[in-house]
Each structure stands twice: as C-alpha cells, then as structure tokens.
Amino acid sequence: MREPNLSRKLLLEERDRVADGAGGHTGSWIVKGTLWAEVRARGGREPVAAGREAPQVPVRIVVRGAPVGAASRPRADQRFRDGNRVYRILSVAEEDAYGRYLTCSALEGVQA
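Because the structure is a prediction, the values reported are computed rather than measured.

Right, let's get into the pairing of strand β8 (residues 101–108). Counting buried positions along β8 yields seven of eight residues, so the element is predominantly enclosed. Pairing between strand β5 (residues 57–64) and β8: eight bridges, direction antiparallel. Among the inter-strand pairings, proline 58 is bridged to a residue of β8, identified as leucine 107. Bridge analysis of strand β7 (residues 85–94) against β8 gives seven bridges, and the strand direction is antiparallel. Its bridge partner lying in β8, arginine 88 is registered against leucine 107. Counting the residues that bridge the hairpin from β7 to β8 gives six residues, and of these glycine 99 lies at a positive phi of roughly 70 degrees.

Cut-offs and rules
- Sequence order sets the numbering: in each chain, residues are counted from 1 along the sequence as written.
- Local features in this predicted model are restricted to residues whose pLDDT is 70 or higher, and side-chain atom pairs enter the listing and the counts only when it is 80 or higher, whereas totals over whole chains, interfaces and linings include all residues.
- Processing note: side-chain calculations cover all non-hydrogen atoms of the structure and skip hydrogens and water entirely.
- Here the term buried applies to any residue with accessible area under 20% of the maximum for its type, exposed to any over 50%, and partly exposed to those in between, with areas from a 1.4 Å probe on protein chains only.
- Each helix is a run of DSSP H or I of at least 4 residues and each strand a run of E of at least 2, with the numbering of both proceeding from the N terminus.
- In this analysis, strands are considered paired if DSSP registers two or more bridges between them.

Shown next, in the form of structure tokens:
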C-alpha cells in the first residue's frame, strides 16, 4: 500500500437541527474539526433533479485513522467542505489492517 498524500485541508461538518418553534426544525452545518486528506475523483454522472442537471462526482477521500466514536472520525451523516466544494460522506472504512488511515466514499457537488 502506498502512503496517501494528505495535502488537502478539509473541514468536517455535522448537521445541527434546531427547533423552529412551529413543530419543525431548521438545519445548519457546524464545523467539528479540520482533517488533512487525499481526495481522488472516481468518475462522474449528471442526473436530472427537479428538471435541471445536478452533477455528482464520486470521490475517494483518505484521512488519518481514528477510533470508532472519536470526534475526529468521519461518519456517513457528516460532510467535508473545501471552500465552495462540498463532499457528502456515504461510507467510512479502515484503509489498512492497522487502522492508520480511513477511506471515505463521498459525492462531491451535493448540498445535503
């Protein structure tokens, strides 16, 4: 296994749900931390959403390992942000048997 090039600084964000006082809720994203990562595109597609194209690019994001439950370990209900780029995390798994790195499958370009 080659060592990943962790040269991209990504913000790890989590959705914050706040009651709106009318029985519903509003959501915003709060920053949980900063992780250095390697980001690699894995192809792309342009599905149509609400009558307009909504490009989605599958990406593979590798970050340093962290134990399950640690605040620095990404989860599938979170996202990464790099400036205007948003990566919705779909899954997280250990990259190697030692847990030194985590591989996140994500979609770029999806506001969630």
